Amino acid sequence: MGQFLAVGIVTKLQLHPIPSDPIDFNTLQEGLENRGIDLSIYNGQQYGETWDGQLKPSIVETELLDFLQAVYAKLQPFTRLDDSKEVINNFKSYPPESWFERLSEASFYNLQNDAYAQGRYYSIDGRRIQLRFVSAALVMGGKIFMETDNGLFDLFAAGLQAQLDSFQLSKALKVYITG
């Protein structure tokens, strides 16, 4: 079947140093911010050396509809967005307090829960950090076979984040391989 390139909103993430050497959280946070990952938009907790986070529901409740419209407008010229209007209309029909749960369980073509996202490894302060995440995929396309991306997916995500920087949710965008 293959794997696909995806753009998604990271709803949950987990960070773990490899090997389990302690790393200063501020150093970790700064190193990830330099790669387009802002932990301040997540409610997180540290368990031993592992940090688990979930996207703050208040950000979803405040920004989701406008953010989806802006993202779909940016992606429209380049990819297939068959049901993007249906996605937006669906969220409009529910109260914002339910949007985070609906985002996490979405099953549209252009918004679907994606638990198959491949984790990433980063070198921060001389330590290897594993990032695992669950995403609400906005688009997926093409079959892709790669051993490494050399940071190009992070560059693509940073470009999208810069174009949508008026939204806190832009900091949750990730470009990744799934499938």
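Everything numeric in this text was worked out from a predicted model, so none of it was measured.

Student: Could you give an account of the overall build of the protein, naming the residues involved and the relevant values?
Tutor: Assigned secondary structure in the protein consists of five helices and eight strands. When the helices and strands of the protein are listed from N to C terminus, the series reads β-α-β-β-α-α-α-β-β-β-β-α-β. In summary, the protein has a C-alpha radius of gyration of 16 Å against a globular reference of 16 Å for 179 residues, a match within 12%. Referenced to the eigenvectors of the C-alpha coordinate spread, the extents of the protein come out at roughly 45 × 35 × 30 Å. Considering the protein as a whole, with its 179 residues, one finds that 45% of them fall into the buried category.

Student: Any details on the environment of K85? Residues and values, ideally.
Tutor: Here K85 shows up in helix α3 (residues 84-92). For K85, a relative accessible area of 67% translates into the label exposed. Along the sequence, K85 and Q54 sit 31 residues apart, while their C-alpha atoms lie 26 Å from each other.

Student: Describe the packing of helix α2 (residues 57-75) against α3, and please don't skip the residues or the numbers.
Tutor: Interhelical geometry of α2 versus α3 gives an angle of 175° and a closest axis separation of 10 Å. As far as their axial angle goes, α3 and α2 are roughly antiparallel. Side by side, α2 and α3 meet where L64, L65, L68, Q69 and Y72 of the first sit next to S84, V87, I88, F91 and K92 of the second. Partitioning the contact of α2 with α3 into residue classes produces seven nonpolar, two polar and one charged.

Student: I'd like to hear about α2, residue by residue, with values.
Tutor: Maximum bend of α2: about 60°, positioned at E63. Among the residues of α2, those classed as buried are I59, V60, E63, L64, L65, F67, L68, V71, Y72 and L75.

The rules we used
Residues numbered from 1 in each chain as written. Predicted model: local features only at pLDDT ≥ 70, side-chain atom pairs only at ≥ 80, totals over all residues. Heavy atoms only, no water. Helix = DSSP H or I, 4+ residues; strand = E, 2+ residues; numbered from the N terminus. Rg over C-alpha atoms; globule rule 2.2 N^0.38 Å. Buried < 20%, exposed > 50% of the residue type's maximum accessible area, 1.4 Å probe, protein only. Axes fitted to C-alpha atoms, helices over the stretch in contact; angles between N-to-C directions. Parallel < 35°, antiparallel > 145°, perpendicular 65-115°, else oblique. Contact = heavy atoms within 4.5 Å. Nonpolar A, V, L, I, M, F, W, Y, C, P; charged D, E, K, R; others polar. Bend = angle between axes of the 7 residues up to and from the residue.

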